[in-house]
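Structure assessment
Here is what each chain is made of, one letter per residue.
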Amino acid sequence: MNERTLWYIADPMCSWCWGFSPVIEAIRHEYGERLAIRLVVGGLRPGTADPLAPEKRAEILHHWHNVQRITGQPFMFEGAMPEGFVYDTEPACRAVVSASLIDSSYTFPLLAAIQHAFYVEQANVTQTDTLTQLAAVVGIPATQFSQVFASDAVKQATQQHFRQAIQWGVRGFPTVIGQDVAGLHLLTNGYCTIETMRQRIDAWLNTASASECKGASLTFDILTLSFSSFD
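Let me begin by describing the structure that accompanies this report.

About the criteria used
Residues numbered from 1 in each chain as written. Predicted model: local features only at pLDDT ≥ 70, side-chain atom pairs only at ≥ 80, totals over all residues. Heavy atoms only, no water. Phe/Tyr/Trp six-rings, centres within 6.5 Å; stacked < 30°, edge-to-face > 60°. Helix = DSSP H or I, 4+ residues; strand = E, 2+ residues; numbered from the N terminus. Buried < 20%, exposed > 50% of the residue type's maximum accessible area, 1.4 Å probe, protein only. Lys NZ or Arg CZ within 6 Å of the ring centre and 35° of its normal. Axes fitted to C-alpha atoms, helices over the stretch in contact; angles between N-to-C directions. Parallel < 35°, antiparallel > 145°, perpendicular 65-115°, else oblique. Left-handed = near helix turned anticlockwise from the far one by under 90°. Contact = heavy atoms within 4.5 Å. Nonpolar A, V, L, I, M, F, W, Y, C, P; charged D, E, K, R; others polar. Expected span 1.5 Å × (residues − 1). Core = buried A, V, L, I, M, F, W, Y, C linked by side-chain atoms within 4.5 Å.

Bringing the packing of aromatic side chains into the picture now. Under the definition given, this model contains 16 aromatic pairs. Centroid distance Trp-16 to Tyr-191: 6.0 Å. Interplanar angle 35 degrees. Geometry classified as tilted. Of the two residues, Trp-16 sits in helix α1 (residues 15–31) while Tyr-191 sits in the loop between β4 (183–189) and α8 (194–214), which places them 175 residues apart along the sequence. Assigned by exposure class, Trp-16 and Tyr-191 land together as buried. With a centroid separation of 5.2 Å and 70 degrees between ring planes, the pair formed by Phe-75 and Tyr-119 is classed as edge-to-face. With Phe-75 in the loop between α2 (54–71) and α3 (90–102) and Tyr-119 in helix α4 (residues 107–119), this residue pair connects regions lying 44 residues apart in the sequence. Taking relative accessible area as the criterion, Tyr-119 reaches 0% and is therefore assigned buried. Through successive ring pairs, a cluster of aromatic residues spans Trp-18, Trp-64, Phe-75, Phe-77, Phe-85, Tyr-87, Phe-118 and Tyr-119. Across from the ring centre of Tyr-87, 4.7 Å away, lies the NZ or CZ of Arg-45, which sits over that ring. If you follow Arg-94 out to its NZ or CZ, it ends over the ring of Phe-149, 4.1 Å from the centre.

Look at helix α5 (residues 128–137) against helix α6 (residues 142–149): their axes get within 9 Å of each other, and the N-to-C directions meet at 135 degrees. On the basis of the axis angle, α5 is oblique to α6. You can see that α5 and α6 cross each other, and the crossing is right-handed. Across the interface between the two elements, Thr-128, Leu-131, Thr-132 and Ala-135 from α5 touch Ala-142, Phe-145, Ser-146 and Phe-149 from α6. Split into classes, the residues belonging to the contact of α5 with α6 amount to 5 nonpolar, 3 polar and no charged.

What follows covers α4. A rise of 1.5 Å per residue sets the reference length of α4, with its 13 residues, at 18 Å; its end C-alpha atoms lie 19 Å apart and thus fit the reference within 8%. Most of α4 is tucked away: 10 of the 13 residues are buried. Within α4 the residues assigned to the buried category are Thr-107, Phe-108, Leu-110, Leu-111, Ala-113, Ile-114, Gln-115, Ala-117, Phe-118 and Tyr-119.

Next up on the list: the packing of α4 against α5. Two elements in contact, α4 and α5, have axes separated by 9 Å at closest approach and are oriented at 130 degrees. As far as their axial angle goes, α5 and α4 are oblique. The crossing of α4 and α5 is right-handed. Facing α4, whose interface residues are Leu-110, Ala-113, Ile-114 and Ala-117, α5 presents Leu-131, Leu-134 and Ala-135. Residues of the contact of α4 with α5, tallied by class, amount to 7 nonpolar, no polar and no charged.

For the bond running from Phe-173 to Pro-174, omega is -5 degrees, close enough to zero to count as cis. Relative to the helices and strands, Pro-174 is located in the loop between α7 (152–167) and β3 (175–180). Look at Met-81: it is not a glycine, yet its phi comes out positive at around 50 degrees. Structurally, Met-81 can be placed in the loop between α2 and α3. Residue Met-81 is classed as buried on the basis of its relative accessible area of 5%. Positive phi, normally seen in glycine, also occurs at Gln-122, with a value near 60 degrees. Looking at the element boundaries, Gln-122 is found in the loop between α4 and α5.

Grouped together as the largest cluster of nonpolar side chains are 73 residues, with contacts concentrated most on Tyr-8, Ile-27, Trp-64, Tyr-87 and Ile-201. Top element by residues in this core is α1. It accounts for 9 residues.

Now the structure itself:
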């Protein structure tokens, strides 16, 4: 199989992934006809049950300010993550997996909708009603989404996404991995600009073309590490 796949490993409630949102959209626009571009939800804080402590909230907001400064993405800071907020990212991840199972064309639009709702509109995207409303906004019928979202199948599929990220050794988001006949190639672990991503993707594609001609063996090529974050 000679198909080349670009794997994007992210979490809807990861601030650096929100910062990377314009970059992955540019990649999808520019490389979508040459590559299969697929999403794996990595699971930032899946299953968290305790409310966010004030000191942890302050730490996360510090990350958010850094993301805004470096990426220019909008944030609403005042009132974010109010007292009692439980930072459980499993529901938002499961919502994106639900969208992909209903129709893969909904995957990235729902990811972006959840990110914008959380970081800019201060919507509680850990709640089923909120996620159902966002799914409807991108075109998924609410009844269909609700049924899939609540199913055991999508819960298991979401856990498989988390396991895949762990199996690949992903320790921070966003991460982008290229896959070809030669194996897996780490293009970034952390935020970087579209200009840098173009250089890395083009270099990988050129190398992949040469490798296919030579019948290269499996490799996992770490090109570079950049900003890596779990918030």
